Amino acid sequence: MTDHPIGLSIRGGVKVYPGTRALKGVDFDLRMGAVNVLVGENGAGKSTLMKVIAGVESLTEGRIELQGREVRFRNKADAVREGIGIVFQELNLFPNLTVAENIFIGHEPVRAGLDIDQRSQARATRALMARLEQDIDPDTPLDHLRVGQQQIVEIAKALSQDARILILDEPTSALSAAEVEVLFGVIEELKSQGVGIVYISHRLDELIRVGDYITVLRDGEITGSRPMQGVDIPWIVRAMIGEKSKEFPRTEAPSFGEEIFRADHVTLPRAGGGFAVDRVSLSVRRGEIVGLYGLMGAGRTEFLECVMAQHPASAGRIFVDGHPVIERDVAGRIARGIALIPEDRKRDGLVQIMAIRENLTLSSLGLFTRGFHLNLKAEAARALDFVRRLAIKIASPENPVSSLSGGNQQKVVIGKALMTSPKILLMDEPSRGIDIGAKAEVFTTMRALAGQGLGILFVTSDLDEVLALSDRVLVMANGRITGEFPAGTDPATVIAAATPSFLKEPSA
Amino acid sequence: MTTRQQAAASTPQNLLLLALRLRTFVALILVLAYFSFMAPNFLTGANAVIVTKHVALNALLAIGMTFVIITGGIDLSVGSIVGLCAMVAGWLVLNGVDTGLGYTIWFNTYEIVALTLAVGIGVGFVNGLLITRLNVAPFIATLGTLYIARGAALLSSGGRTFPNLGGSEEFGTTSFPLIGTASVLGLPVMVWLLVVVALAAHYVSRRTPLGRHIYAVGGNERGAALSGVKVNRVKLFVYMFSGFCAALVGIIIASQLQAAHPATGETFELNAIAAAVLGGTSMSGGRGRVLGTIIGAFVIGILSDGLIMMGVSSFWQTVIKGVVIVLAVVIDQAQSRLQARVALAQEASANR
């Protein structure tokens, strides 16, 4: 393994965002002609590190060396010029354009600086596809391709700009087993061509299979870095999580009441075959916090959306307080005591241009309405009451909600949900995109709510969080519940349950 | 201490923000002052009533349009609905409804008004169904109904005018011409109608859950739906309300002229959109106020009447109108940027 030269290295890399230090003095070596695996929990700093390498973000301190000489990327174009390509987790492609157009978007081969040279574009695309051993016609519209093929196109796009270093951020999260095999084949191929690959994934068995070198990040620091030989899952988990654990202890002794919420065989077919949510049955008791852990694309968000009547194609039954929920619309389900705190605050949780007060009361205007007259005074009083109760820091409830920080916005979303007096609270990644202080406050709030007899079902990809906060942990993978554990379970078992085994179940 | 400093530091900014917020009002005062000075007879009671009558029709349409635009949509069909409803009213006054069984049903004025309004609301309902159930983009759906309604209006008379809608004693329709011509307490009936519709619309937008939902749908449709807002119902309502306003205008015009012409209301939709935008309604949805729209309609109306009184060529009037609208939107953008900045600063200082 000594024949892998170091292509890029970071020395003393520090990245500071307002309020947080995402990287705390990181030393990272990227070896050419090998797969450099990067692993760590959400928020450990993986993405930040990769964005620094790809020129999307720049280091606050420290330096980047490329083949021994110091470089400074002001933007992504600088990094591309140095032969660094990145494939983001979310594909950045144009479904309405063809494969060739997608690959050459922004750097089209032109004649006389104006006319796109279609033929050379198609020829180059064909050459790239041959290099990747893919049989994709350059003129195919992108939306005719499967997700796995789209991923290949994204890789081809990076290669078309002569990428010598290729960063793949969770490339398999949306792929089927067969497509993963194709991708691994492509990676082998690129490796033999001397391309240095950085591979980020949560799927540990996959990492061990594909990686040559492994680097583990935790809280912005590197906690392990070595060649892959002899690395096993327990070693990775130890390096990822460490000995400490973040505590959000219960203030009072757990006392669960009767069952408040039950889902029975909830199923959602996936477009293009298979199931996004596959016969999920679970129940939550009064005062209980149930954590739903899993990887990206495990179907957790889709399950919550099914419960909140977002998918007309879904099947299965839902019970609140023992009564079947028959309402097919959101308003009806809210009235039955279900409340959802969506994953994407900006898109689903809030109306950004409306005032904080108006956002807080949007789901429960009925409380202040007599006939069709809205009692604004009562509304304002109730909104202020919730602002105080949830300790939302605001200057005025009349300011647009977009002026708040992430943590305070999240509290507004929680306030909106609580104002409907729910019996079961569904929270999708409640700590995403908020700083540590606000996180702790949100968790304390969750504890308090459970103490008042609310049932809480929360989805998270953060292992610490799920272990520290839940009274019971459920694990989902490939749309199914794959494990159920009591509080205080060994992290390794939870991770193992969350890792879908491609080799054993090719049908999945 | 810090808060006081903060307040002191941002006072000029707040003043500027206030001025920008009231810009339509400021524009109105400026236009009024200018013409009172330049056109000798402008500031007389009689002229005020005339101008108001001109403005009332556009303002009525613009109120309906405001709701539609707040939800993030657009209603291009209002002008055609005006024409169609004028023809429907004219037909009912002149011909009644032939049942095909050898006798004709005649309606009195109240019934005619009710039926015509129902036609307008019905076209709005079709718009709403196309947009909510069949997922047609509002621009296209209402463009389609624009042509359909106009075509139907032309077909109803073969392109001719229904003349002499004076009504008849026998069927109780002599009151029909009064809608557009009579006055109550010194104000024309149509102005009273505007006052009633405007107050009702203002009330709905500010003090009812429906109004709040209209803003929420325009601000973030997905978010509103996940909060339990019945998005489709809200959209149906706004297009039906817009149809209602257009029908009202159609009736008023037919009554005022005592004749119904199938080309009535052509390009009215554009004036209505202009008034709404001038009044601060954001075309991307979520923002706008009924009172702002009415002021916007007055600015446009006063501008064109005043320019006529000054003897400015109508070609120039068109140019000036366009400039005013573009200017309004540019200022609107500046205002929302400033507003966001002020709110951000406030929140930042609150979290210090």
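Our subject in this report is the structure included herewith. Given the structure is predicted, the values throughout are model-derived calculations rather than measurements.

Looking only at helices and strands, chain B has 14 helices and four strands in total. In terms of overall dimensions, chain B is globule-like: its C-alpha atoms have a radius of gyration of 22 Å, near the 20 Å expected for 352 residues. Here the C-alpha coordinates of chain B stretch approximately 85 × 55 × 35 Å along the principal axes. For chain B, with 352 residues in total, the buried portion stands at 47%. Across chain B, contacts joining residues at least 24 apart in sequence account for 77% of those joining residues at least 6 apart. Counting only carbon and sulfur atoms, one obtains 69% of the accessible surface of chain B, whose full area is about 16100 Å². In chain B, which carries 20 positive and 11 negative side-chain charges, the distance between the mean positions of the two groups comes to 20 Å.

What follows concerns the overall build of chain A. Scanning chain A for helices and strands turns up 17 helices and 24 strands. Projecting the C-alpha coordinates of chain A onto the three principal axes gives extents of approximately 70 × 55 × 50 Å. Here chain A holds 508 residues, and the buried ones make up 55% of them. Taking as baseline every contact in chain A between residues at least 6 positions apart, the subset at least 24 positions apart corresponds to 67%.

Residues and elements named next belong to chain A. Here six strands make up an open sheet; going across it, the order is β6-β9-β10-β3-β11-β12 and the pairing mixed. The two strands at the open ends of the sheet, each matched to only one other strand, are β6 (84-87) and β12 (221-227). For this sheet the average axis-to-axis angle between neighbouring strands, irrespective of direction, equals 15°. Here strand β3 (residues 35-40) pairs with strand β11 (residues 213-218) via five bridges, running parallel. Residue pairing for β11: Leu-38 is matched across the bridge by Thr-215. Helix-sheet contacts for helix α1 (residues 46-53) involve β3, β6, β9 (165-169), β10 (196-200) and β11, and the interaxial angle to β3 is about 140°. Of the strands in this sheet, β3, β9 and β10 touch helix α6 (residues 177-192), which is tilted by about 150° from β10.

Moving on: helix α4 (residues 118-131) of chain A. Residue and element names in this part refer to chain A. Across its 14 residues, α4 extends 20 Å between first and last C-alpha, which sits within 8% of the 20 Å expected from 1.5 Å per residue. Among all positions in α4, only Ser-120, Gln-121, Ala-122, Thr-125, Leu-128 and Met-129 are buried. On its buried face, α4 sits against α3 (99-103), β8 (115-116) and α5 (147-160). Glu-133 lies just past α4 and shows a positive phi near 55°.

Our next topic: the interface of chain A and chain B. Between chain A and chain B, the residue contacts involve 38 residues of the former and 29 residues of the latter. Around 2600 Å² of area is buried between chain A and chain B when both sides are counted, 57% of it from carbon and sulfur atoms. Here chain A and chain B share four salt bridges between them. Viewed at the interface, chain B and chain A are joined by nine residue pairs in polar contact (both at pLDDT 80 or more). When residues in the side of chain A that touches chain B are grouped by element, the largest group, four residues, is from helix α12 (residues 356-361) of chain A. In terms of residue class, the side of chain A that touches chain B is made up of 20 nonpolar, nine polar and nine charged.

Attention now goes to the environment of A:Ile187. Residues and elements named next belong to chain A. Within the secondary structure layout, Ile-187 lies in helix α6. Counting along the chain gives twelve residues from Ile-187 to Tyr-199, while the straight-line C-alpha distance between them is 9.8 Å. With sequence-adjacent residues up to four places away left out, Ile-187 is seen in contact with Val-35, Leu-168, Ile-197, Tyr-199 and Val-210.

All names here are of chain A. Residue position: Asp-212 is located in the loop between α7 (204-210) and β11. Polar side-chain contacts of Asp-212 include one of 2.8 Å to the backbone nitrogen of Val-35. Reaching out from Asp-212, the side chain makes a polar contact with the side chain of Lys-191 at a distance of 3.1 Å.

What counts, and where the lines are drawn
- Residues numbered from 1 in each chain as written.
- Chains lettered and ligands numbered in written order.
- Predicted model: local features only at pLDDT ≥ 70, side-chain atom pairs only at ≥ 80, totals over all residues.
- Heavy atoms only, no water.
- Helix = DSSP H or I, 4+ residues; strand = E, 2+ residues; numbered from the N terminus.
- Rg over C-alpha atoms; globule rule 2.2 N^0.38 Å.
- Buried < 20%, exposed > 50% of the residue type's maximum accessible area, 1.4 Å probe, protein only.
- Contact = heavy atoms within 4.5 Å.
- Areas by Shrake-Rupley, 256 points an atom, 1.4 Å probe, with all protein chains shown as cover.
- Lys, Arg positive; Asp, Glu negative; His and termini not counted.
- Charge placed at Lys NZ, Arg CZ, Asp CG, Glu CD.
- Pairing = 2+ DSSP bridges.
- Axes fitted to C-alpha atoms, helices over the stretch in contact; angles between N-to-C directions.
- Expected span 1.5 Å × (residues − 1).
- Buried area = accessible area lost by both parts, 1.4 Å probe.
- Salt bridge = Lys/Arg side-chain N within 4 Å of Asp/Glu carboxyl O.
- Polar contact = N/O pair within 3.5 Å; in protein donor to acceptor, adjacent residues only side chain to side chain.
- Nonpolar A, V, L, I, M, F, W, Y, C, P; charged D, E, K, R; others polar.

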